[in-house]
Amino acid sequence: MAHEDDARQAVPNVPGMRTDGDGVTRRRPLRERHVEETVEVAVPVRTAYNQWTQFKSFPRFSTVVHGVEQIRPTVTAWTIGYGPLRHRFAVEIVEQDPDAYLAWRGLEQTPSHQGEVEFRPTESGGTAITVRMLLEPRGAARILTRSSRAARLTARLVHGELMNFKQFLEGMGQEGGAWRGTIRNGRVQHDHPEPPRSRVAQWPVG
C-alpha cells in the first residue's frame, strides 16, 4: 500500500485529515476549489449514499453523462458531452467512507480535475449532499477556467446535476443498489486478508 506522503504527492490537493476537539478524525475539504454546491434530498443518508455509488445509473438522470464503465475496482471511465460531442476520461476514487464521503481525481493529463462529495444527515431526516470540484487545466485553458464566468457556468452545471439526482432518487424512493466498501489512497480496504492465490488460473492453493 502506498504511503500517505506518496499519495499526497500523487494527488496534491486531495483532502487531508484533522482531529477535532472531540477526538474524532474527520477529513478536510479541498483546500482550493472552483465549485461548491449543496442539495438536500428527502431520503436517509444511507439511501442517498448507496444510490450515489451506483455510477452506471448516472446516465438515467444526468444531462451530460452518457455512459460509465468499470475499469478496475477504483477506476471508472466516464463518457460525457452535449449533443453529438463526446468526451471519455478515466476517474480514480482515492478515498471513500460509507454514508459519509467520497473523493476522486481525473486521470487525464490535460485537463484534469479533482472532486469530493459529502453526505450529512439533516434535522428533517433527509440528506445534505455537497459536491466540491477543483478544475486543473493547462495552458491557455487555465486562464479561462480561473475566470468567474467559467466558475459560474461549472457551478450551474453541478447544481443542475445534483437537482437531477435529487428528483431521480426521490422519485424512486429507495436505492437501486449499493457498494459499501472503504477506499484509502486509491486502494479498496478489506476487512479480512485475502487468501493467497495460485499463479495459475483456477488452480487451488495449497
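The structure this text deals with has already been given above.
Structure report, in brief. Quantities reported herein were computed from a predicted structural model and do not represent experimental measurements. (Residues numbered from 1 in each chain as written. Predicted model: local features only at pLDDT ≥ 70, side-chain atom pairs only at ≥ 80, totals over all residues. Heavy atoms only, no water.)

Right, let's get into the side chain of Glu161. Among the secondary structure elements, Glu161 is positioned in helix H4 (residues 148–172). The buried charged residue Glu161 lacks any salt bridge, with Arg156 as its nearest oppositely charged partner at 12 Å. The residues contacting Glu161, other than those within four sequence positions of it, are Phe61, Ser62, Thr63, Val64 and Val65. (Helix = DSSP H or I, 4+ residues; strand = E, 2+ residues; numbered from the N terminus. Buried < 20%, exposed > 50% of the residue type's maximum accessible area, 1.4 Å probe, protein only. Lys, Arg positive; Asp, Glu negative; His and termini not counted. Salt bridge = Lys/Arg side-chain N within 4 Å of Asp/Glu carboxyl O. Contact = heavy atoms within 4.5 Å.)

What follows is about the nonpolar core. With 33 residues, the main nonpolar core has Trp52 and Ile129 as its most contacted residues. Put simply, the parts of the chain that give this core at least two residues each are strand E3 (35–41), helix H2 (45–52), strand E4 (65–72), strand E6 (87–97), strand E7 (101–106), strand E8 (112–121), strand E9 (127–136) and H4. For this core, the element with the highest residue contribution is H4, accounting for six residues. Residues within four places of Ile129 in sequence aside, it is in contact with Glu37, Thr38, Val39, Val41, Ala48, Trp52, Val117, Glu118, Phe119, Leu162 and Phe165. (Core = buried A, V, L, I, M, F, W, Y, C linked by side-chain atoms within 4.5 Å.)

The residue Asp99 is not glycine, and still its phi comes out positive at about 65 degrees. Secondary-structure assignment places Asp99 in the loop between E6 and E7. For Asp99, a relative accessible area of 23% puts it in the partly exposed group. Although it is not a glycine, Asn185 sits at a positive phi angle of roughly 50 degrees. Here Asn185 is to be found in the loop between strand E10 (182–184) and strand E11 (187–189).

Right, let's get into the packing of aromatic side chains. Scanning all chains against the criterion turns up ten aromatic pairs. Pairing Phe61 with Phe168 gives two aromatic rings, centres 5.3 Å apart and planes at 35 degrees, and the pair type is tilted. With a gap of 107 residues between them, Phe61 in the loop between H2 and E4 and Phe168 in helix H4 connect regions that are remote in the sequence. Of the residues examined, Phe61 reaches a relative accessible area of 10% and is grouped as buried. Grouping aromatic residues by their ring pairs yields a cluster made of Tyr49, Trp52, Phe55, Phe58, Phe61, Trp78, Phe119, Phe165 and Phe168. (Phe/Tyr/Trp six-rings, centres within 6.5 Å; stacked < 30°, edge-to-face > 60°.)

A separate point is the pattern of salt bridges. One pass over the full model with this rule turns up ten salt bridges. We note a salt bridge from Glu36 to Arg132, for which the minimum N-O separation is 3.5 Å. Here Arg132 lies in strand E9 and Glu36 lies in strand E3, a separation of 96 residues in the sequence. Relative accessible area serves as the criterion here: at 36%, Glu36 is assigned to the partly exposed category.

With that settled, the discussion passes to the environment of Gln70. Topologically, Gln70 is positioned in strand E4. In this structure the C-alpha to C-alpha distance between Gln70 and Lys56, which are 14 residues apart in sequence, comes to 8.4 Å. Filtering out sequence-adjacent residues up to four positions away, Gln70 remains in contact with Lys56, Val75 and Thr76. A distance of 2.6 Å separates the side chain of Gln70 from the backbone oxygen of Arg72, its partner in a polar contact. (Polar contact = N/O pair within 3.5 Å; in protein donor to acceptor, adjacent residues only side chain to side chain.)

A few words now on the environment of Arg187. Note on placement: Arg187 falls in strand E11. According to the relative accessible area criterion, Arg187 is partly exposed, its value standing at 45%. Sequence separation between Arg187 and Gln96 is 91 residues, and the spatial gap between their C-alpha atoms is 9.7 Å.

Summarising the element assignment, Arg60 is placed in the loop between H2 and E4. Taking the relative accessible area as the measure of exposure, Arg60 reaches 62% and is therefore exposed. Sequence separation between Arg60 and Phe165 is 105 residues; the distance between their C-alpha atoms is 9.3 Å.

The next thing to look at is the pairing of E7. Consecutive residues of a regular strand have side chains that alternate between opposite faces of the sheet. Most of E7 sits out of view: five of its six residues are buried. Direction of pairing for E6 relative to E7: antiparallel, over a ladder of six bridges. Across the sheet, residue Glu95 finds its bridge partner in E7, namely Ala103. The antiparallel hairpin formed by E6 and E7 contains three residues in its connecting segment, where Asp99 sits at a positive phi of about 65 degrees. (Pairing = 2+ DSSP bridges.)

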